[in-house]
Amino acid sequence: MTVLVTGARGRVAGALLALLHSAGIPARAASKDPDLLSPPGGLPAVRCDLADPSTFDTALGQVDSVFLYAEATHIDAFIQRARAVGVKHVVLLSSSAVLAPDAAEHPIAGPHLAVERALEAAAARGDFEATLLRPGVFATNALQWAGPLRDGRPVELPYPHSYGDPIHELDIAESALAVLTEPRQRGTAHLLTGPESLDFTEQLAVIAEVTGRPAPYTAVTPAHWKASTSGYLPDALAGSLLAYWASHDAIPTPLSHTVEKLTGHPARTFAAWVADHANAFRD
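Residues numbered from 1 in each chain as written. Predicted model: local features only at pLDDT ≥ 70, side-chain atom pairs only at ≥ 80, totals over all residues. Heavy atoms only, no water.

Student: Describe the sheet that holds strand β6 (residues 129-135), listing the residues and the values that go with them.
Tutor: Strand order in this open sheet of 7 strands is β3-β2-β1-β4-β5-β6-β9, and the pairing throughout is parallel. What marks the edges here is a single partner per strand, and that holds for β3 (45-47) and β9 (189-192). Strand-to-strand, the axes of this sheet are offset by a mean angle of 20 degrees, without reference to chain direction. Inspection of the sheet shows strand β1 (residues 3-5) paired to strand β2 (residues 27-31) by 3 bridges, in the parallel sense. (Pairing = 2+ DSSP bridges. Helix = DSSP H or I, 4+ residues; strand = E, 2+ residues; numbered from the N terminus. Axes fitted to C-alpha atoms, helices over the stretch in contact; angles between N-to-C directions.)

Student: Quick one: what's the story with the pairing of strand β4 (residues 65-69), residue by residue and with numbers?
Tutor: Across the 5 residues of β4, 4 count as buried, placing the element largely inside the fold. Pairing between β1 and β4: 3 bridges, direction parallel. Residue pairing in the sheet places Leu4 in a bridge with Val66 of β4. Bridge count for β4 against strand β5 (residues 89-93) is 5 bridges, and the pairing is parallel. By the bridge assignment for β5, Leu68 is matched with Leu92. Read as a crossover between parallel neighbours, the route from β4 over helix α3 (residues 75-85) to β5 is right-handed. (Buried < 20%, exposed > 50% of the residue type's maximum accessible area, 1.4 Å probe, protein only. Right-handed = clockwise from strand over helix to strand, strands pointing away.)

See below:
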């Protein structure tokens, strides 16, 4: 089996490549900027820009399985080329956001849902098997607080008590390895969550405890937060995040035990994730 890992500069893909290398499974790191990659163990790097179909054939050559990021622009072309070269299995890094009633119109969930539907149609035709991984809130989202905390400033929170289910990127990668290597786990959708439902104030408290540094916050209005992010966050995306946080305000997130089912161990706690990334929150 040879696995093409797209989006190889991402944290989940990078962790998966390391796992594949350790397991002795041939893999290929793919990115639109392969020169910026440093794959573990000298694994080959290839150019695969999911927004540029001209890069698909070279990347997919002699590949059995694909770990795919959700880029919907040319998913039909990607599926066609994957089928043509004999790919047997595609594992999609999707999102639990696709389960929301308005997912098709959502700026984050919509592209993930479009790719899911395209892959499910391909699997129904017999093109290849398709497995969907639907993680909830990435623990790495907490890195957005690292800058203010390093500077000794409070984190601005429009909904301090909005809950999430932070999941370690390594748990996602290990789940991907499991479905890539265990045939009985293929061909279905897996909802992945962390082991705890924590609101933002609780997450900051964990960061303070693990790092030994203060992690203060201040409550701000949604309008203030949106204005403060206007220089780097598209208006529609900012609005969607605010709506998501509002919908989870004071409402704990339901948890799954899928990580343990797939990997054989419980999902890592948020404290474990902070310990693995503690330097990001320190000077």
